[in-house]
Amino acid sequence: QVQLVESGGGLVLAGGSLRLSCAASGGTFSASAMGWFRQAPGKEREFVAAIGRLGGSTYYGDSVKGRFTVSRDNAKNTVYLEMNSLKVEDTAVYYCAARLVYLKATVKEDDYKYWGQGTQVTVSS
């Protein structure tokens with residue numbers, strides 16, 4: 001059973017930066033595409049970013065393109081989300097998710113099998 005644990009959330013001023021981490025255990029991390037999603041209060045969960053198994057393919061939601069960067073370190077079984085130029089509207093609970101092994105990264109949350117518990121990111125003005 002794959003377990004995912006996010007960390008790095010917190011309170012930051014608009015324009016600031018945060019780096020989220022997601023540590024994976026219990027599976028073959030390097031064989032799994034990973035995704036980041038977020039859910040703001042009263043809204044549906046939305047796609048943020050995804051990365052392929054080897055890190056060569058990355059995808060971003062339109063609202064975060066140019067500000068967020070997804071990366072991974074397969075030696076550490078960890079995926080990261082570097083968030084810059086944060087806006088108040090980035091406030092949400094951020095989740096990382098893993099696909100079953102050898103499947104490609106996608107933008108659809110239904111394609112992801114395993115989910116972390118989420119980490120809160122709050123951006124204040």
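Everything below is about the structure printed above this text.
Throughout, residues of each chain are indexed from 1 in the direction in which the sequence is written. Where local features are concerned, this predicted model is filtered to residues with pLDDT of at least 70; where side-chain atom pairs are given and counted, the filter is 80 or more; whole-chain, interface and lining totals use all residues. Computation of side-chain values: all heavy atoms of the structure, hydrogens and water removed.

1. A few points about the sheet that holds strand S3 (residues 18–25)
Whether two strands pair depends on DSSP finding at least two bridges between them. Numbering of helices and strands starts at the N terminus; helices are DSSP runs of H or I of at least 4 residues and strands are runs of E of at least 2. Taking strand neighbours across the sheet as the criterion, the four strands line up as S1-S3-S8-S7 in an open arrangement whose pairing is antiparallel. In this open sheet, the two strands that pair with only one neighbour each are strand S1 (3–7) and strand S7 (68–73). Each adjacent strand pair in this sheet contributes to an overall mean axis angle of 15°, direction not counted. Of the pairings in the sheet, the one linking S3 to strand S8 (residues 78–83) comprises six bridges and is antiparallel in character. If you follow Ala 23 over to S8, its bridge partner there is Thr 78. Lines fitted to C-alpha atoms define the axes here, with helix axes fitted over just the stretch in contact, and angles between the N-to-C directions of these axes take values from 0 to 180 degrees.

2. Focus: the packing of aromatic side chains
By convention here, two paired aromatic rings are described through the distance between centres and the angle between planes. Two aromatic rings from Phe, Tyr or Trp, using only the six-membered ring of Trp, form a pair when their centres are within 6.5 Å; if the ring planes differ by under 30 degrees the pair is stacked, by over 60 it is edge-to-face, and anything between is tilted. Enumeration over the complete set of coordinates arrives at four aromatic pairs. Between Phe 37 and Tyr 112, the aromatic rings sit 5.3 Å apart at their centres with planes inclined by 75°, giving edge-to-face as the arrangement. One end of the pair, Phe 37, is in strand S4 (residues 34–39); the other, Tyr 112, is in the loop between strand S9 (92–98) and strand S10 (114–115), with 75 residues separating them in the sequence. Accessibility assignment for this pair places Phe 37 and Tyr 112 in one class, buried. Judged by centre distance (6.5 Å) and plane angle (65°), the rings of Tyr 112 and Trp 115 are edge-to-face. Three or more aromatic residues joined by ring pairs make a cluster, and in this case those are Phe 37, Phe 47, Tyr 112 and Trp 115. Lysine NZ or arginine CZ positioned within 6 Å of the ring centre and within 35 degrees of the ring normal marks a charge as sitting over the ring. One Lys or Arg, Arg 45, reaches over the ring of Tyr 95 and ends 5.0 Å from the middle of that ring. Of note, Arg 72 hangs over the ring of Phe 29, and the distance from its end group to the ring centre comes to 4.4 Å. Classification of residues uses two cut-offs on accessible area relative to the type maximum, computed with a 1.4 Å probe and protein chains only: under 20% is buried, over 50% is exposed, and between them is partly exposed.

3. Structural notes on the pairing of S8
Taking burial as the measure, the six residues of S8 include five buried ones, the bulk of the element. Sheet topology note: the S7/S8 ladder contains six bridges and is antiparallel. Looking at S8, one finds that Thr 69 is bridged to Glu 82. Between the antiparallel neighbours S7 and S8 lie four residues, among them Asn 77 with a positive phi of about 55°.

Note that every value here comes from positions in space, so none of it alone points to a role or purpose.
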